[in-house]
Amino acid sequence: IINPVAGLGGSVALKGSDDMALHALALGAKPKANARAQTALKVLLPYKDDITVYTVNGQMGEQSAVALGFPVEKSYQTPNENTQGKDTELAVEAMLKQQVDIIMFAGGDGTARNIATAVENFALKNGSQQVPVLGIPAGCKIHSGVYAITPTAAGRVVELMVTKQLVTLTEGDVMDIDESLFRQGVVKAKRFGEMQIPSELRYVQAVKSGGKESDELVLQDIAETVIDNIREHDDNLFIIGSGSTTAFLMAELSLDNT
């Protein structure tokens, strides 16, 4: 399952894509979720004769799987091109009825929430165990512990399952942040549930703890450690990334940053 608008907001500095997809496209954002899903699926090409991809029409999965030559069964048909979170939930329900072995999805934390809602509701309704899931990172924000560290890593995890090298499952937390607050520089993450994921520490992300970034003492310790390192290597070039933690560091250094 691919959220075709995942990650659009990040490339045009909107700090998220929730309710911002059309605005992001107007600003020139280019969809990348399908390309990242294909990167994951390419790892599985040597096994495509042993795999059937159950998916959604168009950009929600069918196009990418067909383009790579996988056998495809369409589980769900979206009513129109402007897909919504509800389409993701209905697609999950349809796939679970077809007894798939794992649900892979490309998106961000909002997509993970949709997947978790559908998986939990199906399990409760049918008195069944949850089917394992695995996220292909494609969103602006990834706080949930249900994603592989890269699209290629997602493919590697499923490859281990296909070749019967991986059988252990664990629980991964589904997290999301309030994007309206995030755009004001406040990181506030909330736990929305958990899902079964393949337990492969080399390839699967840990939960990112949103909210710790606002802890003044923790930030101070981080900043002091990094500043000491910079002073010890003052002939080196340091590249500082984005985020509220690094914003605090730059303020401590009295340097301008975006």
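Residues numbered from 1 in each chain as written. Predicted model: local features only at pLDDT ≥ 70, side-chain atom pairs only at ≥ 80, totals over all residues. Heavy atoms only, no water.

Asker: What should I look at first to understand the overall build of the protein chain in this one?
Answerer: Of regular secondary structure, the protein chain possesses 10 helices and six strands. Here the protein chain holds 258 residues, and the buried ones make up 43% of them. Taking the contacts inside the protein chain whose residues are at least 6 apart along the sequence as the reference set, 64% of them involve residues at least 24 apart. Looking at the protein chain as shown, the accessible area adds up to about 14,000 Å², and 49% of this sits on carbon and sulfur atoms. (Helix = DSSP H or I, 4+ residues; strand = E, 2+ residues; numbered from the N terminus. Buried < 20%, exposed > 50% of the residue type's maximum accessible area, 1.4 Å probe, protein only. Contact = heavy atoms within 4.5 Å. Areas by Shrake-Rupley, 256 points an atom, 1.4 Å probe, with all protein chains shown as cover.)

Asker: Mind showing me how you'd approach helix 7 (residues 151–162) here?
Answerer: Every α-helix carries 3.6 residues per turn, so stepping three or four residues along brings you back to the same face. Taking 1.5 Å as the rise per residue, helix 7 with 12 residues should run 16 Å; its terminal C-alpha atoms sit 17 Å apart, in good agreement. Considered for burial, the residues of helix 7 that qualify are Pro151, Ala153, Ala154, Gly155, Val157, Val158, Glu159 and Leu160. Immediately beyond the C-terminal end of helix 7, within one or two residues, lies Lys164, with a positive phi of roughly 60°. (Expected span 1.5 Å × (residues − 1).)

Asker: Looking at this structure, how should I read the pattern of salt bridges?
Answerer: For the structure on display, the rule yields eight salt bridges. A salt bridge links Asp173 to Arg191; the shortest N-O distance between them is 3.0 Å. Placement of Asp173 in strand 5 (residues 169–177) and of Arg191 in strand 6 (residues 189–198) is noted, with a sequence separation of 18 residues between them. With relative accessibility at 25%, the residue Asp173 sits in the partly exposed group. Its salt-bridge partner being Arg191, residue Glu194 comes within 2.8 Å of it at the nearest N-O pair. Since its relative accessible area comes to 35%, Glu194 is described here as partly exposed. Linked by salt bridges that have partners in common, Glu93, Lys97 and Lys125 make up one network. (Salt bridge = Lys/Arg side-chain N within 4 Å of Asp/Glu carboxyl O.)

Asker: What should I look at first to understand a negative patch on the surface in this one?
Answerer: Together, Asp221, Glu224, Asp228, Glu232 and Glu252 give the surface a local cluster of negative charge. Looking at the negative patch, the element that brings in the most residues is helix 9 (residues 216–232), giving four residues. Examined against the element boundaries, Glu232 turns out to sit in helix 9. A residue is classified by how much of its surface remains accessible, and Glu232, at 62% relative accessible area, is exposed. (Patch = residues over 30% accessible without salt bridge, like charges linked within 9 Å, V, L, I, M, F, W, Y side chains within 5 Å. Lys, Arg positive; Asp, Glu negative; His and termini not counted. Charge placed at Lys NZ, Arg CZ, Asp CG, Glu CD.)

Asker: Sorry if this is basic, but what is going on with the side chain of Asp87 here?
Answerer: With respect to the helices, strands and loops of the structure, Asp87 is situated in helix 5 (residues 85–97). Buried and unpaired, Asp87 has no salt bridge, with Lys86 as the nearest side chain of opposite charge at 9.4 Å. Residue contacts for Asp87: discarding those within four places in its chain leaves Met60, Tyr76, Thr78 and Pro79.

Asker: It is not clear to me how unusual backbone geometry should be interpreted in this structure. Could you clarify?
Answerer: Phi is mostly negative for residues that are not glycine, and the peptide bonds are mostly trans. One non-glycine residue with positive phi stands out, namely Gln99, at about 60°. Looking at the secondary structure, you find Gln99 in the loop between helix 5 and strand 3 (103–107). Positive phi outside glycine occurs at Lys164, with the angle close to 60°. Assignment of secondary structure puts Lys164 in the loop between helix 7 and strand 5.

Asker: Is there a simple way to explain the side chain of Thr88 in this structure?
Answerer: Within the element layout of this structure, Thr88 appears in helix 5. Setting aside residues up to four positions removed in sequence, Thr88 forms contacts with Ile1, Met60, Asn114 and Ile115.

Asker: What am I meant to see in the confidence of the model for the protein chain here?
Answerer: The predicted structure's coordinates, where accompanied by low pLDDT, should not be read in detail. A residue-level look at the protein chain finds 82% of positions with pLDDT of 70 or above and a mean pLDDT of 84. The weakest mean pLDDT in the protein chain belongs to helix 2 (residues 21–26) at 55; the strongest belongs to strand 1 (residues 53–56) at 97. The model gives residues 210–214 a pLDDT under 50, and that stretch makes 11 contacts with residues more than four places away or in other chains. (pLDDT = per-residue confidence, 0-100.)

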